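Topology and contacts: notes
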Amino acid sequence: MQYNFKEIESRWQQYWADNQTFQAEFPSDNPKFYALTMFPYPSGAGLHVGHPLGYIACDIYSRFKRHQGYNVLQPMGYDSFGLPAEQYAIQTGQHPAITTEANIARYREQLDALGFSYDWSREVRTSNPGYYRWTQWVFMQLFDSWYDRETDKARPIRELVDRFEFGGNAAVDAVCDADTPEFSASDWQGFDRADQQRMLLKYRLTYLAEAEVNWCPELGTVLANDEVVNGVSERGGFPVVRKKMTQWMMRITAYAQRLLDGLDEIDWPQPLKDAQTNWIGRSVGASVIFKTVPNAHQAESFDIEVFTTRPDTIFGVSFMTLAPEHELVGRITTPEQQEEVQAYIEATSRRSERDRMADVKTVSGAFTGAYAAHPLTGEPVPVWIGDYVLAGYGTGAVMSVPCGDQRDYDFAKQFELPIPNIFEGVSLEEGAYEEKDGVVIAQSGFISGLGREAATRKVIDALEEKGLGRGTINYRLRDAVFSRQRYWGEPFPVYYDADGLPRLLPEHCLPLELPEVEKYLPTETGEPPLGNATRWAWDTEKEAVVENSRIDRKTVFPLELNTMPGWAGSSQYFNRYMDPGNDQALVSEEAIGYWEDVDLYIGGSEHATGHLLYSRFWQKFMFDRGWVPKDEYAQKLINQGMILGTSALMYRKSGTQTYLSKGLADREATDAIRVDVGLVNASDALDLAGLKEWQPQYEDAEFVGEDGEFYVDREVEKMSKSKYNVVNPDEICEEYGADALRMYEMFLGPLEQSKPWNTAGLSGVYGFLKKFWRLFHQGPDRTFEVLDDTPSAADLKTLHKTIKKVTEDIEAFSFNTSVSTFMICANELTASNCRSRAVLEPLVVLIEPYAPHMAEELWHQLGHSESVAREPYPVYDEKYLLESSKEYPISFNGKMRFTLELPLDMSKEEIEKTVLANEKTRQQLAGRTPKKVIVVPGKIVNIVG
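The rules behind each value
Residues numbered from 1 in each chain as written. Predicted model: local features only at pLDDT ≥ 70, side-chain atom pairs only at ≥ 80, totals over all residues. Heavy atoms only, no water. Helix = DSSP H or I, 4+ residues; strand = E, 2+ residues; numbered from the N terminus. Buried < 20%, exposed > 50% of the residue type's maximum accessible area, 1.4 Å probe, protein only. Pairing = 2+ DSSP bridges. Axes fitted to C-alpha atoms, helices over the stretch in contact; angles between N-to-C directions. 1 Å grid on protein atoms, 1.4 Å probe; cavity = no way out; pocket = protein on both sides within 12 Å on 5 of 7 lines; lining within 4 Å. Points joined across faces, edges and corners; volume = space filled by probe spheres on them. Nonpolar A, V, L, I, M, F, W, Y, C, P; charged D, E, K, R; others polar. Parallel < 35°, antiparallel > 145°, perpendicular 65-115°, else oblique. Contact = heavy atoms within 4.5 Å. Core = buried A, V, L, I, M, F, W, Y, C linked by side-chain atoms within 4.5 Å.

Turning to unusual backbone geometry, a few remarks are in order. Phe-26 connects to Pro-27 through a cis peptide bond whose omega is 0°. Structurally, Pro-27 is set in the loop between helix H1 (5–19) and strand S1 (32–37). In this model, Leu-510 is joined to Pro-511 through a cis peptide bond whose omega is 0°. On the secondary structure map, Pro-511 appears in the loop between strand S19 (502–504) and strand S20 (537–539). With a phi close to 70°, Asp-684 is a non-glycine residue in the positive phi region. Residue Asp-684 is classed as buried on the basis of its relative accessible area of 17%.

Right under this line is the structure:
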């Protein structure tokens, strides 16, 4: 029987589907193992060979744990809400649900073809109402919760109301808005319902607020920071501006310290932990109040609060800098400076926060015309705005100390502002002095002559005594914007009452499903796409969605028009997999009590400050409220590297439609143009006819080649459809089979590293699989032949060293070296002509995680009727690895002439006698009597003649 991978793989994929081979058991008496890979967004392009890398690694480990007797849960689903489907709907008018369904069908076909051991009975789709019902439910629980600093956890909002009823908020230590006023119990009781609800919004863990957001007019939606690259949208490359909008917010800042502390409890990659640590950005320092100085245009004084990690440098303040978006800018700017300030604000709005943070070379700003009083000296300090200060970090204002901060120094130089030197023995000619340790403060009043720590304590004491500051801890982390102005997302279960305040739908009315709309663009008046729905109002009496025309703000009210962001659906999906069919709870107590958390999570590091941070926040909230048993949902996480593609580049003479072959391109000013790698042969020659058929725009172009051919250049970079360098796994499976693809992707290199794809390399892995197959099949017809004979010691040694190495490699996630070990094993057993069942049968179980289709087929041929998937994993026996003999180098006068295998327990006398009696020794001596024989047992034999 030949190795017919197409027939084998098709047969066993069908068997697994028919028999639900990989369905996790619940309840179960076996120990659990929960393995998860980040679920994909189902794009129309389908998978390329780079996508399955993490899936294959997770599947190998899942199959390994099944063999070890674990009840393995390895689910898969789809992150199926998203902007690409909506953009396609805008262009074609086709409902996003239709394209999403088609894309999912395509993904499922490809995933099945790769032989993954998923429990498909637990599939989730974030765009399915049965799923997003529970995303809406979590949102409602956040709305009905507040964060109690005293107990350091979230608590039900009703408990906060009780505290207000009996004691006001003076004794309540809660995370809340900075402008929350103090009130007594009688004050609270005197508030009307609307005022009470407005006050509670200042405490809720999800709330409405005016926020600076990344607004993309072309897409008609707000984008997260990680969706903006160099000032344009990641998808489409459209301009993005900063804009203030009323948005739903998540009070993730309440969990800042716990999110930091939790990183010490989980086995996640250190670079990812560092990324989250830096994103959260904990700083210890002081909050300081600078009061604006009234002038002819502004009689009122405003408090400008700043946070500084260097209170000891407060006497070095020579100006203040506010973020252009700071709420006070419009109030304090004098009429003379209004035009300049407004122009600067508009220019800044076209730059993303990331651009502003990264750009350390450009120095720009504008003077507001206002001054603020120095809190310790009373001296007037000019107030400027500058885009190096961000509204989203700290208070959006800084006390500028040019002698101690390089950006302040550059700003002061640019605008000829004073740079007072407050450091003893330090020169500022070359730039600011930013060292913290070993400094001595000078020219600073009562702290002159002190070091940093002592000066800091005295300054904080002085500020607190004056009521103009306090010691505090600050975080870079800001509350997360939770609104998107798009259609294809989870609807908020919220309507707005007669006072315009948000009210939640009753829980039993979930899910609130997306309405039908005619257009997926914002309305003509600028409302989000849900504003196009004619049936999008909430009838509180009927508890149902009704026509908008019936809104009367008595019993029928408008529903929220925004939808939730992409990260909403992924923030609890790992818990929903545990109990996906439950329509009474996100997950039952029994299911969460058994599965508890994810044992192995595999996904990309690009989600460090997005999904992986937000999902930790949601998990900690769920833990606080008692719905999950652990406040970290994934104990171990691995970031897989990327599989890189090899792009094909042709060169265009700048400003023309003339294209130059690779060898000619360096002689001209050219632009590199990527072309489909499928149009290039092994010699890098481009199929010009195919190019013109692929892209008709090249029909009339001029192509200048060499020797009758047109050659392209090569560049290794991220595999992407936009770079035309993707390799389709369907084609690989068709030519080499899924088992070959699985093993080759692991063979390319360490899981965590990026590595280039080379289809030609597949032939080596494919050749190995055929060699492994031939261990079980003999003769020209490849007849199955496995014997029940006693294996040789050499074959048993090969088996057990393979078991030992492969097991260690899997446990260390070193899959590439496992594949190499299998290859060595196959070579050794082929050389020894091994046919023993005692050796070959355990190898089938051992290789099953890597090449499951072949393993199932061989297991069946070995006479077994059940799947190999749950067979006990082979365990190596150390006794077969112990060396019983030694290959001695036999030297004559110090030069090695041949080797001789001798038992390790042989004495020196026996070794000498045996070596001298050997025919090769007699030939070397040619009748001479040796002067001396040197024997070092276990090492060498040297004959001195």
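Turning our attention to the sheet that holds strand S2 (residues 71–73). The parallel open sheet is built from 4 strands, whose spatial order is S2-S1-S23-S24. Looking at the sheet topology across the chains shown, the edges are occupied by S2 and strand S24 (637–639). Within the sheet, the average angular offset between the axes of one strand and its neighbour, ignoring direction, is 15°.

In this model, the second largest pocket occupies a volume close to 960 Å³. Phe-307, Thr-309, Tyr-393, Val-398 and Asp-405 are the residues nearest the centre of the second largest pocket, which is lined by 29 residues in total. For the lining of the second largest pocket, the elements supplying multiple residues, two or more each, are strand S10 (282–292), strand S11 (303–308), strand S15 (397–400) and helix H14 (406–414). In terms of residue class, the lining of the second largest pocket is built from 11 nonpolar, 10 polar and 8 charged.

In this section: the packing of helix H2 (residues 52–67) against helix H22 (residues 738–747). Where H2 contacts H22, the two axes come as close as 10 Å, and the packing angle between them is 100°. Considered as vectors, H2 and H22 are oriented roughly perpendicular to each other. Within the contact between the two elements, H2 uses Pro-52, Leu-53, Ile-56, Ala-57, Asp-59, Ile-60 and Arg-63 and H22 uses Leu-741, Arg-742, Glu-745 and Met-746. In the contact of H2 with H22, the residues fall into 7 nonpolar, no polar and 4 charged.

In this section: the sheet that holds strand S34 (residues 895–903). Ordered in space as S34-S33-S36-S35, the 4 strands form an open sheet in which the pairing is mixed. Unpaired on one side and paired on the other, S34 and strand S35 (932–936) mark the two borders of the sheet. For this sheet, the mean angle separating the axes of adjacent strands, direction not counted, is 20°. Where S35 meets strand S36 (residues 940–944), 5 bridges bridge the pair, whose relative direction is antiparallel. Across the sheet, residue Lys-932 finds its bridge partner in S36, namely Val-944. Where helix H28 (residues 908–917) meets the sheet, its contacts fall on strand S33 (885–892), S34, S35 and S36, and the angle it forms with S35 comes to roughly 125°.

Below, the discussion takes up the nonpolar core. Formed by 166 residues in total, the largest nonpolar core has its most connected members in Phe-139, Phe-482, Tyr-601 and Trp-757. Excluding residues that lie within four positions of it along the chain, Trp-757 makes contacts with Val-49, Ile-643, Leu-644, Thr-646, Met-719, Val-727, Ile-732, Leu-741, Tyr-744, Glu-745, Leu-748 and Leu-762. In terms of nonpolar packing, the next biggest core, distinct from the first, is built from 43 residues, Phe-315, Ile-332, Tyr-409 and Ala-455 among them.

Moving on, we come to helix H8 (residues 193–201). Within H8, the full set of buried residues consists of Ala-194, Gln-196, Gln-197, Met-199, Leu-200 and Leu-201. Contact partners of the buried residues in H8: helix H5 (129–143), helix H6 (157–167), helix H7 (185–190), strand S5 (206–216) and S19.

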